[in-house]
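# Remarks on the overall topology
Residue-level listing of the chains:
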Amino acid sequence: MEFSWGSGQESRRLLLLLLLLAAWEAGNGQLHYSVSEEAKHGTFVGRIAQDLGLELAELVPRLFRVASKGRGGLLEVNLQNGILFVNSRIDREELCRRSAECSIHLEVIVDRPLQVFHVDVEVRDINDNPPVFPATQKNLSIAESRPLDSRFPLEGASDADIGENALLTYRLSPNEYFSLEKPPDDELVKGLGLILRKSLDREEAPEIFLVLTATDGGKPELTGTVQLLITVLDANDNAPAFDRTIYKVRLLENVPNGTLVIKLNASDLDEGLNGDIVYSFSNDISPNVKSKFHIDPITGQIIVKGYIDFEESKSYEIIVEGIDKGQLPLSGHCRVIVEVEDNNDNVPDLEFKSLSLPIREDAPLGTVIALISVSDKDMGVNGLVTCSLTSHVPFKLVSTFKNYYSLVLDSALDRESVSAYELVVTARDGGSPSLWATASVSVEVADVNDNAPAFAQPEYTVFVKENNPPGCHIFTVSAWDADAQENALVSYSLVERRVGERALSSYVSVHAESGKVYALQPLDHEELELLQFQVTARDAGVPPLGSNVTLQVFVLDENDNAPALLAPRAGGTGGAVSELVPWSVGVGHVVAKVRAVDADSGYNAWLSYELQPGTGGARIPFRVGLYTGEISTTRALDETDAPRHRLLVLVKDHGEPALTATATVLVSLVESGQAPKASSRALVGAVGPDAALVDVNVYLIIAICAVSSLLVLTLLLYTALRCSALPTEGACAPGKPTLVCSSAVGSWSYSQQRRPRVCSGEGPPKTDLMAFSPSLPDSRDREDQLQTTEESFAKPRQPNPDWRYSASLRAGMHSSVHLEEAGILRAGPGGPDQQWPTVSSATPEPEAGEVSPPVGAGVNSNSWTFKYGPGNPKQSGPEPKKQTQVSFLLRRKGEASQPRQ
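How each quantity is defined
- Residues numbered from 1 in each chain as written.
- Predicted model: local features only at pLDDT ≥ 70, side-chain atom pairs only at ≥ 80, totals over all residues.
- Heavy atoms only, no water.
- Helix = DSSP H or I, 4+ residues; strand = E, 2+ residues; numbered from the N terminus.
- Buried < 20%, exposed > 50% of the residue type's maximum accessible area, 1.4 Å probe, protein only.
- Areas by Shrake-Rupley, 256 points an atom, 1.4 Å probe, with all protein chains shown as cover.
- Disulfide = S-S within 2.5 Å.
- Pairing = 2+ DSSP bridges.
- Axes fitted to C-alpha atoms, helices over the stretch in contact; angles between N-to-C directions.
- Salt bridge = Lys/Arg side-chain N within 4 Å of Asp/Glu carboxyl O.
- pLDDT = per-residue confidence, 0-100.
- Contact = heavy atoms within 4.5 Å.
- Phe/Tyr/Trp six-rings, centres within 6.5 Å; stacked < 30°, edge-to-face > 60°.
- Lys, Arg positive; Asp, Glu negative; His and termini not counted.
- Polar contact = N/O pair within 3.5 Å; in protein donor to acceptor, adjacent residues only side chain to side chain.

When helices and strands are tallied, the protein shows eight helices and 56 strands. Counting across all 901 residues of the protein, residues that qualify as buried make up 43%. Surface exposure of the protein reaches about 47700 Å², of which carbon and sulfur atoms provide 54%.

Now the structure itself:
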């Protein structure tokens, strides 16, 4: 029972060991094949593609290739069927010499992805080499006096094969004198010898011919022979004898020439010349040994005379002869075995087997970049090689199989930070002192489009003068892309949008390569003050990346618009304005007012008025306000003044160069009693439909005021009765409207509580009027104000850059004039400001100063707002004034009250 259990345990252990060995070989990914040497071309070795798990269809696309260091061309793979076959003659003795193990190591490399497989093909020895003796004939001289059992060494045969094929057996041709000595068991000793079995008699047999045959253990057996010619000598019967028949010496490789290997000593019992010994190398030793060593014939010292290299030969066998000087010389023999010891004298060898360059910057970690092979010809620890890599790089070395390393990616790459790496691989052996070798490789990082073009700032402001020539260059945008090559090629384009009713591309364009922005047409400040758009910079990568930048193009004003005179009121002829002035007017009386507008902005729209001197050189009693355009008297009129004056008023802006316009005012001096009549006649005869409508509005306002007063009283009474009858009706809280009327001499107001709407929804239609006006200075202070204002205007102030007039003001200005003369909106004669009313409807408020429809167009308008002040709210003039607003709420009789939204 115990024996059976023990046997079971032993079997289990053996099975476990075999499984572990199989798993280890599978983990190493190595295949083993065998092939006999001298196999014919095309001999099948193995299905390498199938055994490696590769599909036949992917061998060519994945660049399947086989490499063998120093042994290329012996084996090849048929890419059509994946079979490994013999391509050329394989001679095991040439490949591995006397090595017991001989194999061809193949490296199978495939790409996409990179994989390396290791295949060992064992070369099996065949008995293709017969035993070979150093020479075909061996001459021996043996004295007849030699005793029996004397030994005569012979050089044995050598067989280039190994194993059984190299096991030699010797046989000697039949004779009665000699027998063959069996070689010793020491593998380093290859010799054999003849043993004298019968005493020699030179007289009976002076020469003996023998044949020595060597037979190997192969199938079939091969043989080699050498002829032995033995000459029987007479006399000298004592041969020299060495202390030992075999000497073993250890010698370091690379020792200098002249180094003593060993000193041999032989003795001869004879005396005289028969006892003098001469040392020499046997004629059977190889020429390689003779080139490495030298023996002193007198002292028997063996010294080094050639280069001793462990990698070339690990041992040397030297046969030494000691021959005496007798008439019939006798000889003694010994063998010197020199074992060479390894020294760390070989630098490791580095070789890059495969390179996958350049590497993309987005390559995943673990990507194999290169396969490195290292080797060292030394043995033991001197041949153990370790590899290291330059520090602080995103790569590392990974040991794959025996002396193979893979250079793999260890951390993320960024080409914009580092575009290339100079790597140094160092291979160091384990000797003392250790030797090392280095190999450099430049790893270039391929660019990936991971950076969008970037502008220096997110927004640019550009100033362009109006009336620019078409196609002029106004700005250059520039974006920088940190990528390389096509990923850094930046092209520019507009982000299309609508500008008003037109496309942006009709105004500007951008050059796709240079980024230059061009204005395609002349820009007009009066039409477009600010043009804001975006430019896109996009690279040529896949997929492309882009970014935007905003351009604000401010169109600067040029003085390209002359002042435009507002249309004079009806009654002028030929563009001239006629005015009747009583003789009795005092100093500072405002006779007329010239009104003009300029479409430009800033200084270009700041107008000044000058009175041109008369043609006759006579002094005229009138002057014009520098900035108001009001024509007023400078003194009291008398009989010396001409009854008619033709005044030329020059209107000039402040642009460079200044643009002008001329207005003509005809002033007629009349008696005090005639002025109103004349004025009335002029109005009756010359006033057009617009002036008549203004008069109707004035009378309508007066009537509405009266009716509204009665209506307010009625509403108050009605409200009081309703509230006393329904005290809980809190939803009808009374309001407090205020009626304000103003004129040139002052203002008055009337307020009365009334409900904003009739709660029941029933009630008589109402007609309301609301007017607002600030208090104005008294007329007696205007002369002082006029003089003070003119002095302050001696040095004009810079106007607001946005001072301009609205287009609607020009359309309705002729109606505003009559309202002013009617005393509803006038600021009083002699006012220093350039002021006139602007009108706007009560519909959703348009641009300040617009009118729709103009005053006097009809009485069907529900609500009007009159703004009294500078014609352009943006024009400050020398000193901005507070704007006066008069609002009219007109509701026709019969309309229901509507709450305001």
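Counted under the stated rule, the structure contains one disulfide. The disulfide that involves Cys96 links it to Cys102, with 1.9 Å between the sulfurs. Handedness here is read from the sign of the S-S torsion; for Cys96 and Cys102, about 70°, the answer is right-handed. Neither residue differs from the other here; Cys96 and Cys102 are each classed as buried.

A word on the sheet that holds strand E21 (residues 301–304). Ordered by their spatial adjacency, three strands build an open sheet running E17-E21-E20, and the pairing between neighbours is antiparallel. The open sheet has two free edges, formed respectively by strand E17 (260–263) and strand E20 (293–295), since each of these has just one partner strand. Between one strand axis and the next, the sheet turns through 20° on average, direction left out of account. Note that E17 and E21 share three bridges and pair antiparallel. Across the sheet, the residue bridging to Leu260 is Ile303, located in E21.

Right, let's talk about the sheet that holds strand E39 (residues 508–510) for a bit. Pairing is antiparallel in the open sheet, where three strands are placed in the order E34-E40-E39. Two strands in the sheet have a free side with no partner beyond their single neighbour: strand E34 (472–476) and E39. Ignoring strand direction, the axes of neighbouring strands in this sheet form an average angle of 30°. Pairing between E39 and strand E40 (residues 516–519): three bridges, direction antiparallel. What sits directly across from Val510, in E40, is Val517.

This part takes up unusual backbone geometry. Note the cis peptide between Lys219 and Pro220, where omega equals 0°. Mapped onto the fold, Pro220 is located in the loop between strand E13 (207–215) and strand E14 (223–233). Of note, the bond from Leu357 into Pro358 is cis; its omega dihedral lies within 30 degrees of zero at -5°. When you line up the elements, Pro358 lands in the loop between strand E24 (349–355) and strand E25 (359–360). Phi at Asn254 is positive, roughly 65°, even though this residue is not glycine.

For the coordinates displayed, the defined rule picks out 23 salt bridges. Residue Arg335 is joined to Glu155 by a salt bridge in which the shortest nitrogen-to-oxygen separation is 4.0 Å. Of this pair, Arg335 sits in strand E23 (residues 331–341) while Glu155 sits in the loop between strand E9 (151–154) and strand E10 (169–172), placing them 180 residues apart in sequence.

Of the residues in the protein, 71% reach a pLDDT of 70 or more, and the chain-wide mean stands at 76. The low-confidence segment residues 676–693 (pLDDT under 50) makes 17 contacts with residues lying over four places distant or belonging to another chain. Contacts for the low-pLDDT stretch residues 727–901, under 50 throughout, to residues beyond four places or in other chains number 320 contacts.

Here the focus is the packing of aromatic side chains. Applying the stated rule across the entire model yields nine aromatic pairs. Consider the rings of Phe242 and Tyr279, whose centres lie 6.0 Å apart with planes at 55°: the pair is tilted. A residue pair is termed long-range when its members are at least 10 positions apart, and Phe242 in strand E15 (residues 241–242) and Tyr279 in strand E19 (residues 277–281) qualify at 37 residues. Overall, Phe242 belongs to the buried group, its relative accessible area being 13%. Judged by centre distance (5.4 Å) and plane angle (85°), the rings of Phe395 and Tyr421 are edge-to-face. Remark: Tyr421 occurs in strand E30 (residues 420–429) and Phe395 occurs in strand E28 (residues 395–401); sequence separation between them is 26 residues. Overall, Phe395 belongs to the buried group, its relative accessible area being 5%. Take Tyr421: its relative accessible area is 13%, and that puts it in the buried class.

Mapped onto the elements, Asp125 comes out in the loop between strand E7 (115–124) and strand E8 (137–143). Although Asp125 is buried, it makes no salt bridge; Arg92 carries the closest opposite charge, 4.7 Å away. Separated by 3.2 Å, the side chain of Asp125 and the backbone nitrogen of Ile162 make a polar contact. Among the polar contacts listed, one links the side chain of Asp125 to the side chain of Asn165, at a separation of 3.0 Å. For Asp125, the contacting residues outside a window of four places in its chain are Glu37, Arg92, Glu93, Asp161, Ile162 and Asn165.

Inspection of the secondary structure puts Ser601 in the loop between strand E46 (596–597) and strand E47 (608–612). As a C-alpha pair, Ser601 and Asp557 span 44 residues in sequence and 6.5 Å in three-dimensional space.

When you line up the elements, Thr43 lands in the loop between strand E1 (30–36) and strand E2 (44–46). The partly exposed category is assigned to Thr43, whose relative accessible area is 27%. With 32 residues separating them in the primary sequence, Thr43 and Leu75 have C-alpha atoms 9.6 Å apart. Among residues more than four places away in sequence, those in contact with Thr43 are Leu84, Phe85 and Val86. Reaching out from Thr43, the side chain makes a polar contact with the backbone oxygen of Lys40 at a distance of 2.5 Å.

Attention shifts here to the environment of Asn343. Its place among the elements puts Asn343 in the loop between E23 and E24. Placed 90 residues apart in sequence, Asn343 and Glu253 show a C-alpha to C-alpha distance of 6.2 Å. Discounting residues that sit within four places of it in the chain, Asn343 has contacts with Glu253, Asn254, Asp378 and Asn382.

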